[in-house]
Amino acid sequence: MRTRPVAVAAFGAAFVGAAVVANRLAGKPVPFLRWSVLRFLLSGRRLLREGRVGDGREEALARHVLATVPAGDVDATIAAIDDFARHTSFLMNVGDEKGVILEDAVRRARPKVLLELGAYCGYSALRAVRAAPPDARLYSVEISPANADVARRVWAHAGMADRITAVVGSIDDGGRTLDALGFGSGTVDFVFLDHLKSAYLPDLRSILGAGWLHPGSVVVADNVRIPGAPDYLAYMRGHEGTLWRTTEHHAHVEYQRLLPDLVLESSCLGGHPTPPAGAG
Ligand SMILES: C[S@@+](CC[C@H](N)C(=O)[O-])C[C@H]1O[C@@H](n2cnc3c(N)ncnc32)[C@H](O)[C@@H]1O
């Protein structure tokens, strides 16, 4: 009886291993059946704690970009990151399919000041700034100093260091990051939420509480279906037509076409109640 769980685990591991090998031999028709994706999925707690997979893939990406992409070429940098994520190691970027949704939203909003939560390797910030007016600036809040360092190197190589600033911290760190950002009232035109999914709603409430948004500010949120931000989705649906006007973009989890995902593009209608002092 005691050998049964061991046998089941061994059979499961053998089955997954065989599936990955078969997928590889067949030319990777199932994009997420790859070692680098399984390694990513198994890094669960470390990924949540440090924002990294733990096998050095983010550093490898930075080296790859600096070694293969001509300096100052944003388009080639974005293409090289997509290629690396598809063929070398999976990366949790917004990706090429949802990246187009993000860029289209930026083009519609024509923002001067953009705020991103979750820089990772700097991919989505490059896409957002590429689609923004030439004088636009993006501030990206990243909790992992190591990820912020990778992103800064990628942005500098792409010639974007003067338009994108990484701020190491998080919106919920007791006011330190809110103070460091220090935007004026009604000056943030665009927010991209792509960090800890359970923090989307509380962090948006903090941003609203700081008074940084204005009627017409746009908030785009990635991964609302997978990994999922159910409280954020319920909030946007619950305030449709009153505080927000939201478009739900149906797409797929990055770098594959089987798992569905949802991106929300929400335009602020104004009239947000000011939370009491100290409320999150
Ligand atoms: C999905 S990745 C961001 C991908 C990036 N936006 C892109 O598409 O290129 C999530 C990132 O959020 C960071 N993160 C996690 N929790 C955070 C928090 N509370 N505040 C800021 N960043 C956070 C992680 O370290 C990780 O780098």
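Residues numbered from 1 in each chain as written. Predicted model: local features only at pLDDT ≥ 70, side-chain atom pairs only at ≥ 80, totals over all residues. Heavy atoms only, no water.

Looking at an unreviewed UniProt entry, one finds the chain named O-methyltransferase, with Rhodococcus olei as its source organism.

(A) Representation of the environment of Ser 89. By the secondary structure assignment, Ser 89 is in the loop between α5 (74–87) and α6 (95–109). The class for Ser 89 is buried, based on a relative accessible area of 13%. C-alpha separation for the pair Ser 89 and Arg 225, spaced 136 residues apart in sequence, amounts to 23 Å. Beyond its immediate chain neighbours, meaning those up to four positions away, Ser 89 contacts Arg 34, Ser 36, Arg 57 and Phe 84. (Helix = DSSP H or I, 4+ residues; strand = E, 2+ residues; numbered from the N terminus. Buried < 20%, exposed > 50% of the residue type's maximum accessible area, 1.4 Å probe, protein only. Contact = heavy atoms within 4.5 Å.)

(B) Highlighting the pairing of strand β1 (residues 113–117). Summarising burial for β1: 5 of the 5 residues are buried, a large majority. Two strands pair when backbone bridges link them, and β1 and strand β2 (residues 137–142) are joined in this way by 5 bridges, in the parallel orientation. Each bridged residue has a counterpart across the sheet, and for Leu 115 the counterpart in β2 is Tyr 139. With 4 bridges joining them, β1 and strand β4 (residues 190–193) adopt parallel strand pairing. Along β4, the bridge assignment pairs Leu 117 with Leu 193. (Pairing = 2+ DSSP bridges.)

(C) View of the environment of Ala 156. Tracing the backbone shows Ala 156 in helix α8 (residues 145–157). Residue classification places Ala 156 among the partly exposed residues on the basis of a relative accessible area of 45%. Separated by 85 residues in the primary sequence, Ala 156 and Ala 71 have C-alpha atoms spaced 8.6 Å apart.

(D) Inspection of the sheet that holds strand β5 (residues 218–221) at higher detail. Here 7 strands make up an open sheet; going across it, the order is β3-β2-β1-β4-β5-β7-β6 and the pairing mixed. The open sheet terminates on both sides in strands that have one partner only, identified here as β3 (164–168) and β6 (244–252). Ignoring which end each strand starts from, the neighbouring axes of this sheet average 15° apart. Two elements, β5 and strand β7 (residues 260–268), share 4 bridges in a ladder whose sense is antiparallel. Looking at the pairing, Val 220 lines up with Glu 265 of β7. Docked against the sheet, α6 engages β1, β4, β5, β6 and β7, running at close to 155° with respect to β6. Sitting on the sheet, helix α12 (residues 230–238) touches β4, β5, β6 and β7, and the angle it makes with β7 is about 45°. (Axes fitted to C-alpha atoms, helices over the stretch in contact; angles between N-to-C directions.)

(E) Quick peek at the packing of aromatic side chains. A complete count under the given rule lists 5 aromatic pairs for this structure. Here Phe 90 and Tyr 255 contribute two aromatic rings whose centre-to-centre distance is 6.4 Å and whose plane-to-plane angle is 85°, an arrangement assigned as edge-to-face. Here Phe 90, found in the loop between α5 and α6, pairs with Tyr 255, found in the loop between β6 and β7; they are 165 residues apart in sequence, far enough to count as distant. Residues Phe 90 and Tyr 255 agree in their burial class; the two are buried. Measuring from ring centre to ring centre gives 4.9 Å for Phe 183 and Trp 212, while their planes differ by 85°; the resulting arrangement is edge-to-face. Within this pair, whereas Phe 183 is found in the loop between α9 (176–181) and β4, its partner Trp 212 is found in the loop between α10 (200–210) and β5, the two being separated by 29 residues in sequence. Considered together, Phe 183 and Trp 212 belong to a single accessibility category, that of buried residues. Taken together, Phe 40, Phe 90 and Tyr 255 form an aromatic cluster joined through their ring pairs. (Phe/Tyr/Trp six-rings, centres within 6.5 Å; stacked < 30°, edge-to-face > 60°.)

(F) The arrangement of the pattern of salt bridges in detail. Taken as a whole and judged by the stated rule, the model has 21 salt bridges. Note that Arg 107 is salt-bridged to Glu 103, the shortest N-O span being 3.0 Å. Within this pair, Arg 107 and its partner Glu 103 are both found in helix α6, separated by 4 residues, close to a single helical turn. The closest approach of N and O atoms between Asp 104 and Arg 107, which form a salt bridge, is 3.2 Å. Placement of both Asp 104 and Arg 107 in helix α6 is noted, with a separation of 3 residues, approximately one turn of the helix. Taking the relative accessible area as the measure of exposure, Asp 104 reaches 31% and is therefore partly exposed. The partly exposed category is assigned to Arg 107, whose relative accessible area is 44%. It is possible to trace a salt-bridge network through shared partners that takes in Asp 75, Asp 82, Glu 103, Asp 104, Arg 107, Arg 127 and Arg 130. (Salt bridge = Lys/Arg side-chain N within 4 Å of Asp/Glu carboxyl O.)

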